[in-house]
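# Structural description and commentary
Below are the chains, spelled out letter by letter.
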Amino acid sequence: MNLIEIYIQEVTRRLPEKNREDIALELRSTIEDMLPADYSEDEAKAVLEKLGDPVTLAGNYQDRPRHLIGPRYFDVYLTLLKMILPIAAVISLITMLAEYFIGYSGDQTVIGIIISLIGKGIARIIEVGIQTFFWLTIVFAMIERMDNRKDNKPLAACLKKWTPDDLKKIPNIPRKKAISKTEVFGSLMWTAIWATLYFYANQLVGVYQGGNNGIEFVTPAFNQNVLLQYWPIVVLVIGLEIALALYKLTARQWTKNVAICHSVVEVLGTLVFIVILVHPNLLNYDFITYLTNLFSITASQLKMWIVGGIISIFTVFAAFNVIDGFRKAGTR
């Protein structure tokens, strides 16, 4: 078997069987056209060298792409990856915090809890990041291979071919009105933190003292049974805060509607926590006793200072956030 036949065989064996015979005939005809009637082996080698590696040439005959994600879908893939990864990371951290404190035994120091949470949080973010990257890549690789179009022009983020009319849909967002992703994810993280503190207040919020094993938790500040009585409305507030964060992520700028929704969530959340704070049995008896002895004040004075102080802080921050939201929405 001469070099030309071996070359053709090396090309066609990498192709689907139904196409081999036709491509072999086409390739043999091409090679013969490039050679003189009475060619030498050196001339045949020169022609085959021009045609290139049979592996590469076989790839050119195949319809399926030789890349995992091509230029047609790559920008859409990258945009979704940047958007989904941080959201998945925040959700995984919220889940991790809940799982950790559900199984919390109460025998760890504060430093031990912090180190454990940092380690578990980093591990969870890496795990979720790898999973998100893997499955999103698999989905787009499948889309790439199922798309029979020859047009390889990049698509817009809406998975449609880009046209100049798409520019009309892009809002010109002033910098002062823009809602950054950092702001959105900061809101989600804050929701995760206060929700964890609320549902596990008897294990986290209270009096800490130095002991033989470092800082130890002495007595909780709040009566957990009282806090759990309000769990349905608290879960509603958590859901509204998450929904508001996602709404801000899609809106991308402060508008009148965003400011109104933001204000409703702020006011509702503040009212819910004021109702909880004024409950007569909210503060733990041992906590009250400890602080009244420490500061030499009465229990009623202590409750007034703590409850009044927290309500004042909640109200001031809620009012500031509401005003700031409408200020940003009105900025040009």
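Residues numbered from 1 in each chain as written. Predicted model: local features only at pLDDT ≥ 70, side-chain atom pairs only at ≥ 80, totals over all residues. Heavy atoms only, no water.

### As for the overall build of the chain
Looking only at helices and strands, one finds 13 helices and two strands in the chain. Evaluated residue by residue, the chain yields a buried proportion of 34% over its 332 residues. Put simply, the chain shows about 20900 Å² of open surface, and 62% of that area lies on carbon and sulfur atoms. (Helix = DSSP H or I, 4+ residues; strand = E, 2+ residues; numbered from the N terminus. Buried < 20%, exposed > 50% of the residue type's maximum accessible area, 1.4 Å probe, protein only. Areas by Shrake-Rupley, 256 points an atom, 1.4 Å probe, with all protein chains shown as cover.)

### Thoughts on the layout of surface pockets
Roughly 1100 Å³ of internal volume is contained in the largest pocket. Around the largest pocket sit 36 residues that line it, and W190, W194, E241, F273 and F314 are the ones nearest its centre. Breaking the lining of the largest pocket down by element, the ones donating at least two residues are helix 7 (181–199), helix 10 (231–251), helix 11 (256–277) and helix 13 (299–329). Of the residues forming the lining of the largest pocket, the biggest block, ten residues, is contributed by helix 13. Partitioned by chemical class, the residues of the lining of the largest pocket number 23 nonpolar, seven polar and six charged. (1 Å grid on protein atoms, 1.4 Å probe; cavity = no way out; pocket = protein on both sides within 12 Å on 5 of 7 lines; lining within 4 Å. Points joined across faces, edges and corners; volume = space filled by probe spheres on them. Nonpolar A, V, L, I, M, F, W, Y, C, P; charged D, E, K, R; others polar.)

### A look at helix 2 (residues 17–34)
With 18 residues, helix 2 ought to run about 26 Å at 1.5 Å a step, and its terminal C-alpha atoms sit 26 Å apart, in line with that. Within the span of helix 2, buried status applies to I23, A24, L27 and I31. Contacts from the buried residues of helix 2 go to helix 1 (3–12), helix 3 (41–51) and helix 4 (54–61). (Expected span 1.5 Å × (residues − 1). Contact = heavy atoms within 4.5 Å.)

### Some remarks on the packing of aromatic side chains
By the definition in use, this model includes six aromatic pairs. Judged by centre distance (4.9 Å) and plane angle (80°), the ring pair of F134 and W135 falls under edge-to-face. On the basis of relative accessibility, which here comes to 41%, the residue F134 falls in the partly exposed class. Ring centres 5.2 Å apart and planes at 80° place the aromatic pair Y198 and F199 in the edge-to-face group. Y198 gets classed as buried once you look at its relative accessible area, which sits at 7%. The class of F199 is partly exposed, set by a relative accessible area of 24%. An aromatic cluster of at least three residues, connected via ring pairs, comprises W194, Y198, F199, F273 and F314. (Phe/Tyr/Trp six-rings, centres within 6.5 Å; stacked < 30°, edge-to-face > 60°.)

### Considering the confidence of the model for the chain
On average, the chain scores 80 in pLDDT, and the residues at 70 or more come to 83%. Within the chain, no element has a lower average pLDDT than strand 2 (residues 214–220), which sits at 68, and none a higher one than helix 11, at 93. (pLDDT = per-residue confidence, 0-100.)

### Things to note about the packing of helix 11 against helix 13
Packed helices, taken two at a time, are described by the angle between their axes plus the distance between the axes. Where helix 11 meets helix 13, the closest approach of the two axes is 9 Å, and the angle between their N-to-C directions is 175°. By the angle class used here, helix 11 and helix 13 are roughly antiparallel. Here helix 11 contributes K256, A259, I260, H262, S263, E266, T270, F273, I274 and L277 to the contact with helix 13, which in turn contributes V307, I310, I311, F314, T315, A318, N321, V322, G325, F326 and A329. (Axes fitted to C-alpha atoms, helices over the stretch in contact; angles between N-to-C directions. Parallel < 35°, antiparallel > 145°, perpendicular 65-115°, else oblique.)

### Here's the deal with the side chain of T191
With respect to the helices, strands and loops of the structure, T191 is situated in helix 7. Here the side chain of T191 touches S187 through a polar contact of 3.0 Å, landing on its backbone oxygen. Side chain to side chain, T191 and E241 meet in a polar contact 2.7 Å long. Once residues within four sequence positions are removed from consideration, T191 is found in contact with I238 and E241. (Polar contact = N/O pair within 3.5 Å; in protein donor to acceptor, adjacent residues only side chain to side chain.)

### Description of the environment of L80
Tracing the backbone shows L80 in helix 5 (residues 71–102). Sequence spacing of L80 and L136 is 56 residues, and the spatial spacing of their C-alpha atoms is 8.5 Å. Beyond its immediate chain neighbours, meaning those up to four positions away, L80 contacts L136 and F140.

### Some words on the environment of A46
Within the secondary structure, A46 is located in helix 3. On a C-alpha basis, the gap between A46 and L35 in space is 9.5 Å, while along the polypeptide they are eleven residues apart.

### Some points on the pattern of salt bridges
Inspection of the entire model under this criterion finds five salt bridges. Salt-bridge contacts for R28 lead to E5; the nearest nitrogen and oxygen are separated by 3.0 Å. Taken as a pair, R28 in helix 2 and E5 in helix 1 lie far apart in primary sequence, 23 residues in all. Of the residues examined, R28 reaches a relative accessible area of 24% and is grouped as partly exposed. Measuring nitrogen to oxygen at the nearest pair gives 2.5 Å for the salt bridge that ties R327 to D324. Here D324 and R327 lie together in helix 13, a separation of three residues that amounts to about one turn. A relative accessible area of 48% places R327 in the partly exposed class. (Salt bridge = Lys/Arg side-chain N within 4 Å of Asp/Glu carboxyl O.)

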